[in-house]
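# Architecture and fold: a report
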Amino acid sequence: MNNKDLAKNVLDLVGGEQNISGLTHCATRLRFVLKDDHKADLKALDQLEGVLKAQNSGGQIQVVIGAKVDAVYSELKNLTSDKIGEPTESTDSGPKKRRNPINVVLETIAGIFTPVLPALVGCGMIKCLATVITAMGYLEGSGFLTIINMIGDCIFYFMPFFLAVSAANRFKTNPYLAVALAAGLMHPTILNAAAQIAETGVNSIDFLGLPILLMKYSSSVIPIILAVWIMSYVYPIVNRVIPKFLQVLLTPMIVLFIMIPVELIVLGPVGSYIGDWLTNGINSLFSTAGVLAGAILGFFKPIMVMFGMHYAIMPIQVQQVATLGATVLLPTALAANLAQAGAAFGVFVLTKSKTMKSAAASSGFTALFGITEPAIYGVTLKYKRPFFAGCLAGGLVGGFYSLVHTTANAISLPGVLAIGTYTSDRYMYVVIGCIAAVVLGFVFTLMAGIKEDVEGAKLKQQTTGEVNSNPTVTATEVTPESVLSQPSTSSDMLIVSPMTGEIKPISEVEDQAFAQELMGKGIAIVPTDGKVYAPFDGVVEALYRTKHAIGLKAANGVEILIHIGVDTVSLKGKYFTAHIEQGQTIKAGDLLVEFDPEGITTAGYNTITSIVVTNMQQYGDVLTTATSGPIRESEALIKLIP
């Protein structure tokens with residue numbers, strides 16, 4: 001599924017544009033704030049090709065996409081109007097949903113900081129480059145190094161401007177007036193006077209008898225957010241009072257006349273004190289109970305990632321780097337990320353599935369560079385034990401980093417490319433911690449094993465979307481020999497082929513949801529004709545509007561999904577004819593769907609058809625009669641072992 005089609009499907013499944021009151025994204029996930037969460041179909045979103053996970057967390061509908069989230073976000077913005085997120089009139093006369101205030105605060109923080117992340121990470125990586133060059137003794141005192149350092153520091157010198165724009169978008173107010181508020185905090189009248197307090201002894205300016213404290217706001221976070229939030233209420237009030245023909249002249253003037261003194265007299269000092277209190281409080285915690293604090297954060301960081309709450313501590317990290325030059329929080333995130341990478345590599349060694357080996361290897365390397373969602377959702381959580389093995393390793397190394405006073409002097413993705421920004425009692429401790437996190441995550445996973453865990457914890461079931469909970473399902477590789485050698489019992493069940501064609505391993509399907517067996521375990525067939533027949537007596541549980549996919553349930557409870565082609569949902573039903581309806585009772589051999597293979601191929605789509613058992617957790621194993629060769633409709637295809 002291409003990015004545009006994925007964006008269209010996501011938009012439909014969250015209730016359409018009219019249901020969206022806010023949309024942002026971070027490094028791996030789309031974050032929707034919806035007017036009515038009940039209109040979002042989380043099960044369908046979770047099953048969508050290209051989606052790693054969909055969940056309601058922290059007052060947001062979070063759709064985890066992975067590395068291509070920025071491209072999907074751009075397609076979503078192209079599909080929606082410029083006014084997306086603005087409130088609309090509602091005919092619902094029922095009571096409004098009350099939201100958890102903590103969720104609202106965390107959601108707001110994440111919504112403000114995630115758009116600023118590219119600048120934060122970009123400057124952080126430049127800072128890492130400058131640190132490495134300096135440590136190697138190259139170009140010392142050169143203009144090149146001076147400019148590199150300037151680039152790395154620029155976001156911290158002008159932080160209020162970046163946050164002003166992001167906060168204005170979040171609070172739905174004028175972004176240019178928000179920038180003017182940031183300029184009020186950053187004006188030389190304030191900054192220069194604050195820098196000269198020691199010389200002049202003047203620490204305030206009188207404004208109508210009220211003191212404006214002289215403070216340095218260049219690296220502050222909370223004052224500008226508070227100011228823009230208050231302005232989002234002041235602006236519409238002033239605009240309602242002023243006659244329409246004077247609004248363009250008087251509204252901005254009055255808003256600034258009110259807001260800049262308010263932010264300098266009240267909001268700026270209060271916000272600075274709150275920021276300093278949080279910063280000093282975290283540092284005090286780490287100085288008195290550093291090992292415990294580091295261990296707790298290192299252990300729970302992947303769990304925070306699962307719920308999308310890891311950006312909630314971003315303001316503290318930024319404030320620490322801005323005011324103290326370093327943060328004690330990022331090292332624990334580094335430990336957690338590398339530990340999950342090690343756990344993924346452990347799965348790579350343990351699993352017998354070729355597709356899972358590929359997923360574990362690729363997502364493990366991605367986690368090494370600071371992006372852990374593919375490893376967590378695609379690999380470690382599938383077996384559960386590796387996930388918690390990684391958490392344990394991250395906790396141990398997080399405690400070690402706190403013990404040796406490891407800090408980070410820039411905001412960057414916590415991965416191996418950014419280790420130049422980390423310092424410790426001895427720099428070797430940073431390297432030792434990185435190696436230990438990967439090795440411990442790997443070793444703990446080998447010790448915990450995956451054989452007794454669930455292969456399908458991330459199964460995207462067609463009809464229920466429930467998490468696999470049966471501990472008997474294993475990662476048995478399907479081969480003809482395994483079918484023939486497996487002893488039969490009276491309760492074994494054979495599922496016949498629903499079509500005629502050429503058998504292919506499911507790993508050859510150019511759709512990772514099927515190739516990695518996220519949808520279920522089974523086989524693929526390249527059809528030689530365009531007919532799909534019922535493989536057993538049962539019921540049509542699901543029939544997509546586009547007729548390219550059918551969910552069937554047998555009388556004895558077996559559930560299968562027949563998915564015709566790759567990305568054929570984009571054809572919107574063209575070349576497909578359904579002979580059944582959802583909920584209809586079927587008999588083995590009934591014609592279910594006809595399709596035109598030549599037409600589909602000519603349109604540029606692959607006709608390879610995936611046939612998977614979606615409730616495989618109820619069976620001891622799912623085997624196939626062959627992994628290659630021709631097969632005819634009604635010939636034995638899949639064998640289920642209780």
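In this report, the structure presented in the accompanying data block is examined.

Criteria and thresholds
Residues numbered from 1 in each chain as written. Predicted model: local features only at pLDDT ≥ 70, side-chain atom pairs only at ≥ 80, totals over all residues. Heavy atoms only, no water. Pairing = 2+ DSSP bridges. Helix = DSSP H or I, 4+ residues; strand = E, 2+ residues; numbered from the N terminus. Axes fitted to C-alpha atoms, helices over the stretch in contact; angles between N-to-C directions. 1 Å grid on protein atoms, 1.4 Å probe; cavity = no way out; pocket = protein on both sides within 12 Å on 5 of 7 lines; lining within 4 Å. Points joined across faces, edges and corners; volume = space filled by probe spheres on them. Nonpolar A, V, L, I, M, F, W, Y, C, P; charged D, E, K, R; others polar. Buried < 20%, exposed > 50% of the residue type's maximum accessible area, 1.4 Å probe, protein only. Core = buried A, V, L, I, M, F, W, Y, C linked by side-chain atoms within 4.5 Å. Contact = heavy atoms within 4.5 Å.

### Some details on the sheet that holds strand S12 (residues 531–533)
The strand order across the open sheet formed by 3 strands is S12-S18-S16, and the pairing between neighbours is antiparallel. Edge strands, defined here as strands with exactly one partner in the open sheet, are S12 and strand S16 (576–578). For this sheet, the mean inter-axis angle between neighbouring strands, taken without regard to orientation, is 15 degrees. In this sheet, strand S18 (residues 591–595) lies alongside S12 in antiparallel orientation, the contact comprising 3 bridges. Each bridged residue has a counterpart across the sheet, and for Tyr 533 the counterpart in S18 is Leu 591.

### Regarding the layout of surface pockets
Each pocket or cavity is described by its volume, and for the second largest pocket that value is around 910 Å³. Where the lining of the second largest pocket is concerned, the elements lending two or more residues are helix H1 (3–13), helix H2 (42–47), strand S13 (538–543) and strand S15 (559–563). The biggest single contributor to the lining of the second largest pocket is H1, with 5 residues. Its residues placed into classes, the lining of the second largest pocket shows 12 nonpolar, 9 polar and 9 charged.

### Observations concerning the sheet that holds strand S11 (residues 521–527)
Taken in spatial order, the 8 strands line up as S17-S13-S14-S15-S19-S11-S10-S21 in an open sheet, and their pairing is antiparallel. On the outer flanks of this sheet lie strand S17 (585–586) and strand S21 (629–631), each paired with one strand and no other. Pairing analysis gives 3 bridges linking strand S10 (residues 501–504) to S21, with the strands arranged antiparallel. Bridging across to S21, Gly 501 finds its partner in Ile 631.

### Section: helix H16 (residues 373–383)
With respect to burial, H16 is a largely interior element, 10 of its 11 residues being buried. Buried within H16 we find Glu 373, Ala 375, Ile 376, Tyr 377, Gly 378, Val 379, Thr 380, Leu 381, Lys 382 and Tyr 383. Two residues or fewer after H16 comes Lys 384, characterised by a positive phi angle close to 70 degrees.

### Overview of the nonpolar core
Nonpolar side chains in soluble globular proteins tend to be buried together. Residues Leu 120, Ile 224 and Val 318 are the most contacted members of the largest nonpolar core, which totals 75 residues. Counting residues per element, this core draws most heavily on helix H14 (residues 330–350), at 10 residues. Excluding residues within four positions of it along the chain, Val 318 makes contact with Phe 113, Leu 120, Phe 156, Met 159, Val 221 and Ile 411. One finds Ala 534, Ile 580, Ile 600 and Val 622 within the second-largest nonpolar core, a separate group that totals 36 residues.

### Some remarks on unusual backbone geometry
The phi dihedral of Lys 547 falls on the positive side, at around 65 degrees, and the residue is not glycine. Among the secondary structure elements, Lys 547 is positioned in the loop between S13 and strand S14 (549–554). Within the chain, Asp 567 stands out as a residue other than glycine whose phi angle is a positive 60 degrees. With respect to the helices, strands and loops of the structure, Asp 567 is situated in the loop between S15 and S16. For Asp 567, a relative accessible area of 17% gives the class buried.

By themselves, these observations are geometric and do not establish any function.
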